[in-house]
Amino acid sequence: MTQQTPDLETTLRVTKTIAAPRDLVFKAWTEPERLKQWWGVEANFSAPIAEVDLRVGGKYRLGMLAPGESAPYVVGGVFQEVRPPEKLVYTWKWEHSDGSVPDSMLGSQETLVTVEFLDKGGSTEVVVTHENHPDRHSRDEHSKGWNGCLTQLTTLLERPGS
């Protein structure tokens, strides 16, 4: 069997270790009420939209709202693989219904996200691989977004009493 090598030009890989058990990190990533607590690139963003049908073929839709903006940035897709609490694979496509997000910034084509949750003995290493970006600019913009979101997730889960 031939394994395809990802195109480094259009593939993003972001890794973050979170001091929280894998089950908890997976639930924070997949349960709408928990997603609303952290989904955003900065602490001052809110997440008014979090819809998740967690099954192969199920759809998700997430929206993050920047301070002072009237419309959220909304992304959605379909789950290709769901393996609690180890792995998720899903398509990713931005919605541009109101024209508030320029295609050049976020990319208008469907891409693929793989999220691995690796058990590190009480901590969890989250590995996000986001493939098939149209160009380096889109990949780099998504790098900023994923790093920001992972920082917010870490802040939430490492807070005392989480």
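Criteria and cut-off values
Residues numbered from 1 in each chain as written. Predicted model: local features only at pLDDT ≥ 70, side-chain atom pairs only at ≥ 80, totals over all residues. Heavy atoms only, no water. Helix = DSSP H or I, 4+ residues; strand = E, 2+ residues; numbered from the N terminus. Buried < 20%, exposed > 50% of the residue type's maximum accessible area, 1.4 Å probe, protein only. Contact = heavy atoms within 4.5 Å. Areas by Shrake-Rupley, 256 points an atom, 1.4 Å probe, with all protein chains shown as cover. Polar contact = N/O pair within 3.5 Å; in protein donor to acceptor, adjacent residues only side chain to side chain. Pairing = 2+ DSSP bridges. Core = buried A, V, L, I, M, F, W, Y, C linked by side-chain atoms within 4.5 Å.

(A) Examining the overall build of the protein more closely. Scanning the protein from terminus to terminus reveals four helices and seven strands. Listed by position from the N terminus, the elements making up the protein come as β-α-α-β-β-β-β-α-β-β-α. Across the 162 residues of the protein, 41% fall into the buried class. Relative to all contacts within the protein whose residues are 6 or more apart in sequence, the contacts with residues 24 or more apart total 53%. Accessible surface, the protein as shown: approximately 8600 Å² in total, 47% of it carbon and sulfur.

(B) Here's a closer look at the side chain of His133. Relative to the helices and strands, His133 is located in the loop between strand 7 (124–131) and helix 4 (136–157). Only 3.1 Å separates the side chain of His133 from the side chain of Ser138, close enough to count as a polar contact. If sequence neighbours within four positions are ignored, His133 has contacts with Thr10, Leu12, Gln109, Thr111, Ser138, Arg139 and His142.

(C) Region of the structure containing the pairing of strand 5 (residues 87–94). Counting buried positions along strand 5 yields six of eight residues, so the element is predominantly enclosed. In this structure, strand 4 (residues 73–83) lies alongside strand 5, joined through six bridges in antiparallel fashion. Looking at strand 5, one finds that Val82 is bridged to Leu88. Counting the residues that bridge the hairpin from strand 4 to strand 5 gives three residues. Where strand 5 meets strand 6 (residues 111–119), six bridges bridge the pair, whose relative direction is antiparallel.

(D) Layout of the nonpolar core. Among the nonpolar cores identified, the biggest contains 36 residues, and Trp29, Trp39, Tyr90 and Trp146 are the most heavily contacted of them. With six residues, helix 4 is the single largest residue contributor to this core. In contact with Tyr90, not counting residues within four places along its chain, are Trp29, Tyr60, Val78, Phe79, Gln80, Thr111, Leu112, Val113, Val115 and Trp146.

Treat this as a map of the structure, not an account of what it does.
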